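# Structural overview
Here is what each chain is made of, one letter per residue.
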Amino acid sequence: VQEEKIFAGKVLRLHVCTMEGAEWLEEVPEDTTVEKLKERCLKHCVPGSSEDPKAVTHHKLIHATSEKVLTDTKTVLEENIQDRDVLLLIKKRAPPPLPKMADVSAEEKRKQEQKAPDKEAILKATANLPARSVDRTVAHHNMRDFQTELRKILVSLIEVAQKLLALNPDAVELFKKANAMLDEDEEDRVDEIALRQLTEMGFPESRAVKALRLNHMSVTQAMEWLIEHADDPTVDAPLPGQTPSEATAEAGASSAEATAGPSAEAGGEEAKDELTEIFKKIRRKREFRPDPRAVIALMEMGFDEKEVVDALRVNNNQQNAACEWLLGDRKPSPEDLDKGIDTNSPLFQAILENPVVQLGLTNPKTLLAFEDMLENPLNSTQWMNDPETGPVMLQISRIFQTLNRT
């Protein structure tokens, strides 16, 4: 008996398959290397592979179960191949051809053309341009924010509109018209259909009204809020920053209207003073209404309700900006919001000289729009789209943008 047969390893029967569908059985000792096994497989299925030394390197064996590519230098035993395992013989993908020198040069040239110029190239290209000394800090400071400046413009235009309406012989009638417009405001009204849907589900009316206001009249979100806060002891508490009842406001407006009648009939300065008081009462009626959700969220962070309302008023009901204001230097202050623009400034003079603005200032609806935008900036879109007040706001915006660019 030959020695190699006595000490020969265990013989494994392996199923070998190719991508073309060929399949056969290979019997090899477990100490056979993967490279040798690959040679045997190639002799079986690839004619002339024994004459091509590259045939072995261009193929690979894969263990079907583990999907592992077998290493040529390892033995069948080292690769943990068992009897009856299935192996796949696959030809390796040919590597992509190396680019030609002409192609490489063209690609490098294209990259160089697309490359951004460096500092030296910029200085060389701008060497003949005249030097200008510009203070970037001052330039940045002069780029005023339209929303901030618009508030000052509105404060001053309200004063002008009040004086113009007071000079009108039909001042009291104009006030009655303005007050009627104010009463038609639907912002504080609740969608009756949405309210009825919630009450029919069994929710109390007052609680349903609160839920609808908190969720912008969305029935689905209001219902989710009601279910979530069903056991909340403060669920029926009034919304933070909520204005007094409409009945009180209407009573004040009615009494103002009643007193305005005889004053206007009397004529003279008393009528003008009375009309000024009426306008003040209109403004109180249009007090700023903070976003209830933003108020609740900021109060949960530990801020006092009054300072939260101030922060939202300064930052146009924007919760994130209000939070930054509360955590920062708190500028501008709420008092700064009542300051008007310099009446001698070119901007204000240009606005007053515009015919569209002049005509609009004699319309009581324009005054109401200014008051509303002053206290509720989020309503600006509504007035911009209004056929009576929209052209006035458009002219103010255009004049500001024109002068701000000069």
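Conventions and cut-offs
Residues numbered from 1 in each chain as written. Predicted model: local features only at pLDDT ≥ 70, side-chain atom pairs only at ≥ 80, totals over all residues. Heavy atoms only, no water. UniProt positions renumbered as here; feature names shortened; annotations may be inferred. Helix = DSSP H or I, 4+ residues; strand = E, 2+ residues; numbered from the N terminus. Buried < 20%, exposed > 50% of the residue type's maximum accessible area, 1.4 Å probe, protein only. Areas by Shrake-Rupley, 256 points an atom, 1.4 Å probe, with all protein chains shown as cover. Core = buried A, V, L, I, M, F, W, Y, C linked by side-chain atoms within 4.5 Å. Contact = heavy atoms within 4.5 Å. Salt bridge = Lys/Arg side-chain N within 4 Å of Asp/Glu carboxyl O. Pairing = 2+ DSSP bridges. Arc of directions from axis to C-beta. Polar contact = N/O pair within 3.5 Å; in protein donor to acceptor, adjacent residues only side chain to side chain. Axes fitted to C-alpha atoms, helices over the stretch in contact; angles between N-to-C directions. Parallel < 35°, antiparallel > 145°, perpendicular 65-115°, else oblique. Left-handed = near helix turned anticlockwise from the far one by under 90°. Nonpolar A, V, L, I, M, F, W, Y, C, P; charged D, E, K, R; others polar.

For the protein, an unreviewed UniProt entry supplies the name Ubiquitin-associated domain-containing protein 1 and the organism Nyctibius bracteatus. Word for word, the UniProt comment on the protein under Subcellular location (unreviewed entry) is "Cytoplasm". As recorded by UniProt, the Pathway (unreviewed entry) comment attached to the protein reads in full: "Protein modification; protein ubiquitination."

## A closer look at the overall build of the protein
Helices and strands together make up the secondary structure of the protein, namely 20 helices and 5 strands. Classification of the 406 residues of the protein by burial places 36% in the buried group. Counting only carbon and sulfur atoms, one obtains 52% of the accessible surface of the protein, whose full area is about 26,000 Å².

## Topic: the nonpolar core
Ile 153, Leu 157, Leu 347, Ile 351, Phe 370, Met 373 and Ile 396 are the most contacted members of the largest nonpolar core, which totals 25 residues. Elements supplying a minimum of two residues to this core: helix 6 (146–167), helix 16 (346–352), helix 18 (364–375) and helix 20 (390–405). Counting residues per element, this core draws most heavily on helix 6, at 8 residues. If near-sequence neighbours (up to four positions away) are discounted, Met 373 is found in contact with Leu 154, Ser 380, Trp 383 and Met 393. Grouped together as the second largest cluster of nonpolar side chains are 17 residues, Leu 42, Ala 55, Ile 81 and Leu 89 included.

## Thoughts on the pattern of salt bridges
All told, the structure shown has 9 salt bridges when counted by the stated rule. A salt bridge links Arg 40 to Glu 26; the shortest N-O distance between them is 3.4 Å. Placement of Arg 40 in helix 2 (residues 34–45) and of Glu 26 in strand 2 (residues 23–29) is noted, with a sequence separation of 14 residues between them. Between Lys 38 and Asp 72 there is a salt bridge, with the nearest N and O atoms lying 2.9 Å from each other. A residue pair is termed long-range when its members are at least 10 positions apart, and Lys 38 in helix 2 and Asp 72 in the loop between strand 4 (68–69) and strand 5 (86–91) qualify at 34 residues. Judged by relative accessible area, Lys 38 falls into the buried class, the value being 1%. Look at Asp 72 and you get partly exposed, because its relative accessible area is 25%. Members of the salt-bridge network, linked through shared partners, are Lys 365, Asp 386 and Glu 388.

## Focus: unusual backbone geometry
Non-glycine residue Arg 84 carries a positive phi angle of around 75°. With respect to the secondary-structure elements, Arg 84 resides in the loop between strand 4 and strand 5. Take Arg 84: its relative accessible area is 46%, and that puts it in the partly exposed class.

## Some thoughts on the pairing of strand 1 (residues 11–18)
Note: strand 1 against strand 2, 7 bridges, orientation antiparallel. In the sheet register, Cys 17 faces strand 2, and the bridge partner there is Glu 23. Connecting strand 1 to the antiparallel partner strand 2 that follows it, the hairpin turn spans 4 residues, and Gly 21 within it adopts a positive phi of roughly 105°. In the sheet, strand 1 pairs with strand 5 via 4 bridges, with the strands oriented parallel. The residue of strand 5 that forms the bridge with His 15 is Val 86.

## Things to note about helix 8 (residues 192–200)
Turning to helix 8, its buried residues are Ala 194, Leu 195 and Leu 198. Taken around the axis of helix 8, the buried residues stretch over an arc of 100°, which confines them to a single face. The outward face of helix 8, more than 90 degrees from its buried face, is lined by the exposed residues Glu 192, Ile 193 and Glu 200. Taken together, the buried residues of helix 8 touch helix 9 (205–214) and helix 10 (219–228). Positive backbone phi, approximately 105°, marks Gly 202, located one or two places after helix 8.

## Examining the environment of Gln 395
Structurally, the position occupied by Gln 395 is in helix 20. For Gln 395, a relative accessible area of 17% corresponds to the buried category. Discounting residues that sit within four places of it in the chain, Gln 395 has contacts with Asn 354, Val 356 and Val 357. A distance of 3.1 Å separates a polar atom in the side chain of Gln 395 from a polar atom in the side chain of Asn 354.

## So, the packing of helix 13 (residues 292–299) against helix 14 (residues 305–314)
Put simply, helix 13 and helix 14 touch, their axes get as near as 10 Å, and they point 130° apart. Taken as axis vectors, helix 13 and helix 14 run oblique relative to one another. For helix 13 against helix 14, the interelement crossing comes out right-handed. Here Ala 294, Val 295, Leu 298 and Met 299 of helix 13 come into contact with helix 14, specifically with Glu 305, Val 308 and Leu 312. The residue makeup of the contact of helix 13 with helix 14, split by class, is 6 nonpolar, no polar and 1 charged.

## A closer look at the packing of helix 13 against helix 15 (residues 319–327)
Direction vectors running N to C along helix 13 and helix 15 enclose 35°, while the axes themselves pass 10 Å from each other. Once helix 13 is placed against helix 15, the crossing between them reads as right-handed. Between helix 13 and helix 15, the residues in contact are Arg 293, Ala 294, Ala 297 and Leu 298 and Gln 319, Ala 322, Cys 323 and Leu 326, respectively. Residues belonging to the contact of helix 13 with helix 15 are distributed by class as follows: 6 nonpolar, 1 polar and 1 charged.

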